[in-house]
Amino acid sequence: MATPVDYGDLEFTRPAKQIKAVNLPAVPQRIFDGMKQYEDAARGFDTAGFERTIKHANGREVPGGIIVSHRPESAQVTQLYRMSTDPSDTELNRLTYFDIGSGRTISMFCGIFEEDWRGVRRRGGAIMVMDLNGNEHFQLWRYWEDSLADQVLPKIRGELDNAPGLGRIERLTHDDYKYGSVVISQSNKLMAFSSNKENNKDTLVYVTKLMDSNTGVKADASPFTLPSRLVAPSTGEGTTMYHPQSFSLDDKYLLFIRRYSSSYNALYVVDISGEQLSPPKLIEFLGATEKAEDTAFNHVSFSHDPNLPHLIYCTTTGYGDFASIVTYDLDTGSVTHITTSSVGIQAIRPISWEIQNLKVTSDNIIFTVNVEGWTSLFVMPLSGSHKNTVIEVKVAWERGWLTFQTNDLNDKPYEMTLQLTSYNSRGRITYLDLAPLLDNVKKDENGHAYVSASVSPYVQAAPPTVAHEVPPILIRYKSFDGLEIPAIYYHPAGQSVTPAIIHIHGGPEGQATANYRTPTHSYLLNELKIAVIYPNVRGSSGYGKKYMAADDVLKREDSVKDIGALLDHIASNMQNELDSSRITVSGGSYGGYMTLASLTHYSSKLACGIENFGIVHWPSFLENTGADRRAARRREYGDETIPEIRDFLDRISPINNTSKITVPLLITHGENDSRVTVHEAVSTYKIVSKNVHTELIIGEMEGHGYKQKSVIEFTNAAAILFLERFLLSK
């Protein structure tokens, strides 16, 4: 349970649903009205993936659709929809309607073929991972539709009221622990997941049967807890944080990673085929050039080829500064390099940027590359005339950030959805079939293979656009030690010298990319004529692990100096574009810390600041963040139990330097935040407000970031008013 918040003598107003505010003026209706078109454009669409095509009890085939997430204008939170895979079919059918009065998050929606946990077959649907009130204590849920079940179940106690939706939602876990990382086997016989249910600290891996489960549970109204088998127990050394990755095609092996930090994890395999489990085995990659503690594995998947059931695909930083794609043969230990760019290593196509995503299908691998915040798409066929050729897929669009899903589960490995996010669109879904493109593979001037691709839009899954959107510009500047810092820069169209807001991403291992925009982004540019800069200070991902480690522990304030260098760069090199006397800084989470730290160091160069759910006191943050997260955070920020590290963290904590903040401050925070507790915001307000004008907004039933319409729209409008008063007004 969270520690009760001592609000003391703070006097709250309640200007909007789920909002507590302190010292906040009334927000005029004109701002809400002016923001509406931008709020609508920001409600983009995302895909949870393709559904499996299944057979009805009567033998009729039921084609799988595409599951889409979107917050409709009338809803308080994001809901789920189904649409056809055919772009010419423009229907968008809403699946979920339930509203439990909170900023709940559906973090996963994993389609399954069927299960028999209640003694009857429930075909199709999904396993859903969702918290209840924004605190990220995710639980497992079963979504199904009665029309595809052998028997219509009575209403189950605790079942969510999803009327008028067709789907029903049953809770499978009934505690306050955390569940996630759901993996479904290709055979649909097994499901793996992670949880800290053993002791609230160690995140371990469990497996349960989907079919032939023999749970003994009846098809009645009684709730049940999903039975499972622990397959990766705690090591007993420190905090164990395991996450399942992939089942082998024969269901003999399960891959999982042990996470130590964002830049360090280890890959394990466990044989789950027998009654007696063997201990998990650490997989060591032949010829790795990097130390184990400097290596991370991601996007780990067994081959989908029945002839190579124990071949593993993954990305790893074990062979250089950037994450690259390799294969590992579990039977022989041999390694093949696909994109590794390090000197002395022969790869199929070396790529010296981060591999952002990787999916393995039965006939290809598809992946994206993060090139300084813009995404490039690639495919490598595993058979045919272009076997083992890495081919760039040059999609015809305005470019930005691209994510994708494949339809391999339905034997269509080249059929994809692309989610396109750019300066022109917050997130639209399109269709792409790669198969016909492979008949026209070309070579560029460097001899690299590529195809040109046009996508077909799903018109029902595209948000409205805003006129006069501003494209981003990539800029670079030198920091105090000569390190070059990249930033994404937007300048109001047709304007000369303007005020600017520096928005700092969280993480700290996040990255400002071509899709990284706050909901107020376009309003700032078009209506207030404020330029926006998103710097990727040291510690950001996307530029190699050395850059990402450049702010660790005792180097923490070097990233703050990167903001100071940006302020100097604006004053010295951008005076024809930006007014250096009217600059503000903002950010959320770690970006909230950076905002406060920048204010303590550079208040004389800033007009005001907006801090969202940020860290204000490092020792208390580390002590109060979730027990399952604490060890990984200590590797990044420092271990507060070591006296000299604690002294350092105390010294740099914004809460101990508030007297240096001399400009107005707006603070917002979610009341149920389990990462950075709301105590941090309340403490900051009580101290800073003694010296400068300070405003505080608390989002009720919200966690680390805001999910509810009323909270999103009010905090955005309040931020606009704050900037009007303290940035734009002399």
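Structural data are supplied above this passage.
Here is a short report on the structure shown in this document. (Residues numbered from 1 in each chain as written. Predicted model: local features only at pLDDT ≥ 70, side-chain atom pairs only at ≥ 80, totals over all residues. Heavy atoms only, no water.)

## Re the overall build of the protein
When helices and strands are counted, the protein shows 10 helices and 43 strands. Taken over the C-alpha trace, the protein has a radius of gyration of 26 Å; the compact-globule value for 730 residues is 27 Å, and the two agree within 12%. By principal-axis analysis of the C-alpha atoms, the protein measures approximately 70 × 65 × 55 Å. As displayed, the protein offers around 27900 Å² of accessible surface, 48% of which is attributable to carbon and sulfur atoms. Across the protein, the centroid of the 71 positively charged side chains sits 1 Å from that of the 86 negatively charged ones. (Helix = DSSP H or I, 4+ residues; strand = E, 2+ residues; numbered from the N terminus. Rg over C-alpha atoms; globule rule 2.2 N^0.38 Å. Areas by Shrake-Rupley, 256 points an atom, 1.4 Å probe, with all protein chains shown as cover. Lys, Arg positive; Asp, Glu negative; His and termini not counted. Charge placed at Lys NZ, Arg CZ, Asp CG, Glu CD.)

## Quick notes on helix H1 (residues 29-42)
For H1, with 14 residues, the first-to-last C-alpha span of 19 Å sits near the 20 Å given by 1.5 Å per residue. In H1, a bend of some 45° at lysine 36 exceeds every other bend along the element. All buried positions along H1 are accounted for by Ile31, Met35, Tyr38, Glu39, Asp40 and Ala41. Those residues of H1 that are buried are in contact with strand E32 (425-433), helix H2 (521-526) and helix H10 (709-728). (Expected span 1.5 Å × (residues − 1). Bend = angle between axes of the 7 residues up to and from the residue. Buried < 20%, exposed > 50% of the residue type's maximum accessible area, 1.4 Å probe, protein only. Contact = heavy atoms within 4.5 Å.)

## Notes on the sheet that holds strand E11 (residues 126-130)
Spatially, four strands are ordered E8-E11-E12-E13 in an open sheet, and the strand pairing comes out antiparallel. The strands lining the two open edges of the sheet, one partner per strand, are strand E8 (106-111) and strand E13 (167-171). Averaged over all pairs of adjacent strands, the angle between strand axes in this sheet comes to 25°, irrespective of strand direction. (Pairing = 2+ DSSP bridges. Axes fitted to C-alpha atoms, helices over the stretch in contact; angles between N-to-C directions.)

## Description of the packing of aromatic side chains
Enumeration according to the criterion identifies 26 aromatic pairs in this entry. For the ring pair tyrosine 590 and tyrosine 593, a centre distance of 5.5 Å and an interplane angle of 40° mean the geometry is tilted. Taken together, the positions of tyrosine 590 and tyrosine 593, both in helix H5 (residues 590-602) and three residues apart, correspond to about one turn of that helix. Look at tyrosine 590 and tyrosine 637: their rings are 6.1 Å apart centre to centre, the planes differ by 15°, and that puts the pair in the stacked class. Of this pair, tyrosine 590 sits in helix H5 while tyrosine 637 is found in helix H7 (residues 627-637), placing the two residues 47 residues apart along the sequence. Taking the relative accessible area as the measure of exposure, tyrosine 637 reaches 2% and is therefore buried. By the ring-pair criterion, three or more aromatic residues cluster together here, those being Tyr590, Tyr593, Trp618, Phe621 and Tyr637. Over the ring of phenylalanine 404 we find lysine 359; its NZ or CZ atom is 5.8 Å from the centre of that ring. (Phe/Tyr/Trp six-rings, centres within 6.5 Å; stacked < 30°, edge-to-face > 60°. Lys NZ or Arg CZ within 6 Å of the ring centre and 35° of its normal.)

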